[in-house]
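An overview of the molecular structure
Spelled out, the chains give:
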Amino acid sequence: MENFVIEGGHELFGEVNIGGAKNAAVAIIPAAILANDVVRIENIPKISDVSYIIKILDSMGADIKLVNADTIEIDSRYIKNKSVPSDLTSHFRASYYLIGAMLGRYKNAEVALPGGCDFGVRPIDLHKKGFEMLGASVEIANGMVYASAEKLVGTSIYMDNVSVGATINIMLAAVLARGLTVIENAAKEPHIVDVANFLNSMGADVRGAGTDVIKIRGVEKLHGCTYSIIPDQIEAGTYMLAAAACGGDVFVKNVIPKHLESITAKLIEAGAEVIEYDDAIRVTRFKPLNKCNVKTMPHPGFPTDMQPQMAVLLSVANGTSLLSESVWDNRFQYVGQLTRMGANIQVDGKLAIIDGVKELCGVKVMATDLRAGAALIIAGLIAKGETIIEGVQYIDRGYEDVIEKFSNLGAVIKRVEVSEANIVAEVG
């Protein structure tokens, strides 16, 4: 078991390089099996979710070659096992992309229901509906999803709710289907565009990604390619929020500024200065933070994955801010941890009322999910004294080299091993 230990009160200065997008990588890697060929994927983030999906493909019989630290080659020509048990899927949510990819290529998939962060009910009913409209039979029983089809045929699919996961999964299943598939009310996040670009690089015909109508014309087969994943919008936003919350001057490199516009707008409103470059963003803040109101929305709105980090910044801003969550039902689970540090936050359903305080104080806290863990790092960086974060395995799911990157900016943060004996002693 490991904890993060943070000494707060230090401003951040320097440069940080952003890695590949987690949410794109965990879809693109399983999508590689749609090609009966060798696929090279570059700018792979070094995170545990990627390690899990690679292990799954390896267990299925794919030949995985590590070319360098952030590049892999996937040869799926010899896949034999088309059943994925729960011991491999229970660690992360995106394992459900295997259903769409295997259904698309093999017309058959057996995948255990996914795990991942728990902040609300996240059924796969929209995925199931999309697969069935393409002609598949889908059954969920004993913790497994069984999907099969004699053939998949393009159709028009209207998404009852905007869903990133279902949009991508239907795209994966449809690229080798017969005829034209139209997804209406599709999600528009940057990683959906990235997945579509990857599929097109393998010979698919996907158009309209990034809009609310995506058209996929099925092709006979896909071929190998070399593809580089886009930078991680949420990792970039997290370091931008950290710079604004801690104060200082941070140059965030390897980003697509267009993807970060909603975050940039709120940082400027809160009192930070943000300068955009071609592939970088500079965030400085040397004056007190201002209150502001934030509502999470599907892209291009403010990302729900940045909501916990924004709550930390607003907790030490002057005045009362309103933070509204419109995507997930229960994403304020982390608030209790921030209140232990001295934050003044009241939650009413999907609305958090945040009265800014002068300072937070370091205590022992628990990360309950990936983005909550990132928020607690920022809280620890601005808090007075020492903060100990437990549950860091959630953070490792989506942030590569997080200790090194923050340390290079001047943060005093380290990863420490905690023995079972110490845990028992603390409990006793």
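Our structure's up above, just so we're on the same page.
Residues numbered from 1 in each chain as written. Predicted model: local features only at pLDDT ≥ 70, side-chain atom pairs only at ≥ 80, totals over all residues. Heavy atoms only, no water.

**Here we look at the overall build of the chain**
- Of regular secondary structure, the chain possesses 15 helices and 24 strands.
- Its C-alpha atoms give the chain a radius of gyration of 22 Å, within 12% of the compact-globule value 22 Å for 428 residues.
- Taking the principal axes of its C-alpha atoms as reference, the chain extends roughly 65 × 50 × 40 Å.
- Classification of the 428 residues of the chain by burial places 55% in the buried group.
- If you take every contact in the chain between residues at least 6 apart in sequence, the share linking residues at least 24 apart comes to 73%.
- Put simply, the chain has 40 plus and 51 minus side-chain charges, and the middle of one group is 4 Å from the middle of the other. (Helix = DSSP H or I, 4+ residues; strand = E, 2+ residues; numbered from the N terminus. Rg over C-alpha atoms; globule rule 2.2 N^0.38 Å. Buried < 20%, exposed > 50% of the residue type's maximum accessible area, 1.4 Å probe, protein only. Contact = heavy atoms within 4.5 Å. Lys, Arg positive; Asp, Glu negative; His and termini not counted. Charge placed at Lys NZ, Arg CZ, Asp CG, Glu CD.)

**Quick notes on helix H2 (residues 48–60)**
- Helix length check: H2, at 13 residues, gives a terminal C-alpha distance of 19 Å against a target of 18 Å (1.5 Å per residue), a fit within 8%.
- Regarding H2, the residues found buried are Ser 48, Asp 49, Val 50, Ile 53, Ile 54, Ile 56, Leu 57 and Met 60.
- Phi turns positive one or two residues past the end of H2, at Gly 61, with a value near 110°. (Expected span 1.5 Å × (residues − 1).)

**Quick word on the side chain of Arg 105**
- Structurally, Arg 105 can be placed in helix H4 (residues 97–106).
- Although Arg 105 lies buried, it forms no salt bridge, and the closest oppositely charged side chain, Asp 75, sits 7.4 Å away as judged by the N-O distance.
- A distance of 3.0 Å separates polar atoms of two side chains, one belonging to Arg 105 and the other to Ser 76.
- A distance of 3.2 Å separates a polar atom in the side chain of Arg 105 from a polar atom in the side chain of Tyr 106.
- If we ignore the near neighbours within four places in the chain, the residues touching Arg 105 are Ile 33, Leu 34, Ala 35, Asn 36, Ser 76, Arg 77 and Leu 176. (Salt bridge = Lys/Arg side-chain N within 4 Å of Asp/Glu carboxyl O. Polar contact = N/O pair within 3.5 Å; in protein donor to acceptor, adjacent residues only side chain to side chain.)

**Points about the nonpolar core**
- By size, the foremost hydrophobic cluster in this structure holds 77 residues, and its most contacted members are Ile 29, Leu 34, Ile 41, Met 171, Phe 198 and Leu 199.
- In this structure, Ile 29 is in contact with Ile 41, Ile 44, Val 50, Ile 53, Ile 54, Leu 57, Ile 72 and Ile 74, ignoring residues within four places of it in sequence.
- Ranked by size, the runner-up nonpolar core spans 72 residues in total, among them Met 240, Ala 244, Tyr 334 and Ile 377. (Core = buried A, V, L, I, M, F, W, Y, C linked by side-chain atoms within 4.5 Å.)

**Comments concerning the state of the cysteines**
- Scanning the model with the defined rule gives 0 disulfides in all.
- Free cysteine Cys 246: the closest other cysteine sulfur is in Cys 361, separated by 15 Å.
- With a relative accessible area of 36%, Cys 361 lands in the partly exposed category. (Disulfide = S-S within 2.5 Å.)

**Considering the sheet that holds strand E17 (residues 280–285)**
- Reading across the sheet, the 4 strands line up as E2-E15-E17-E16 and stay open at both edges, with mixed pairing between neighbours. What marks the edges here is a single partner per strand, and that holds for strand E2 (12–17) and strand E16 (273–276). Averaged over all pairs of adjacent strands, the angle between their axes in this sheet comes to 10°, without regard to strand direction.
- Here helix H8 (residues 233–246) sits on the sheet in contact with E2, strand E15 (248–253) and E17, set at roughly 20° to E17. (Pairing = 2+ DSSP bridges. Axes fitted to C-alpha atoms, helices over the stretch in contact; angles between N-to-C directions.)

**Comments concerning the sheet that holds strand E1 (residues 2–7)**
- Here we have 4 strands laid out as an open sheet, ordered E22-E23-E1-E24, and mixed in their pairing. Single-partner strands in this sheet number two, and they are strand E22 (364–366) and strand E24 (412–417). Across the sheet, the mean angle from the axis of one strand to that of its neighbour is 25°, orientation sign disregarded.
- Two elements, E1 and E24, share 6 bridges in a ladder whose sense is antiparallel. Its bridge partner being in E24, Asn 3 is matched across the sheet by Val 416.
- Across the sheet, helix H12 (residues 370–382) is in contact with E1, E22, strand E23 (386–390) and E24; its angle to E1 comes to roughly 35°.

**Let's talk about unusual backbone geometry**
- Residues His 299 and Pro 300 are joined by a peptide bond in cis, for which omega reads 15°.
- By the element assignment, Pro 300 lies in the loop between strand E18 (294–295) and helix H10 (307–315).
- Look at Asn 43: it is not a glycine, yet its phi comes out positive at around 60°.
- Inspection of the secondary structure puts Asn 43 in the loop between strand E3 (38–42) and H2.
- A residue is classified by how much of its surface remains accessible, and Asn 43, at 16% relative accessible area, is buried.
- In this structure, Asn 185 is a non-glycine residue whose phi angle is positive, near 60°.
- Considering the arrangement of structural elements, one finds Asn 185 in the loop between strand E11 (180–184) and helix H7 (190–201).

**Remarks on the packing of H8 against H10**
- As a packed pair, H8 and H10 sit with axes 10 Å apart at the nearest point and diverge in direction by 5°. Here H8 lies roughly parallel to H10, going by the angle between them. Seen from H8, the contacting residues are Ile 234, Thr 238, Leu 241, Ala 244 and Ala 245; seen from H10, they are Gln 309, Met 310 and Leu 313.
- Of the residues that constitute the contact of H8 with H10, the class distribution is 6 nonpolar, 2 polar and no charged. (Parallel < 35°, antiparallel > 145°, perpendicular 65-115°, else oblique. Nonpolar A, V, L, I, M, F, W, Y, C, P; charged D, E, K, R; others polar.)

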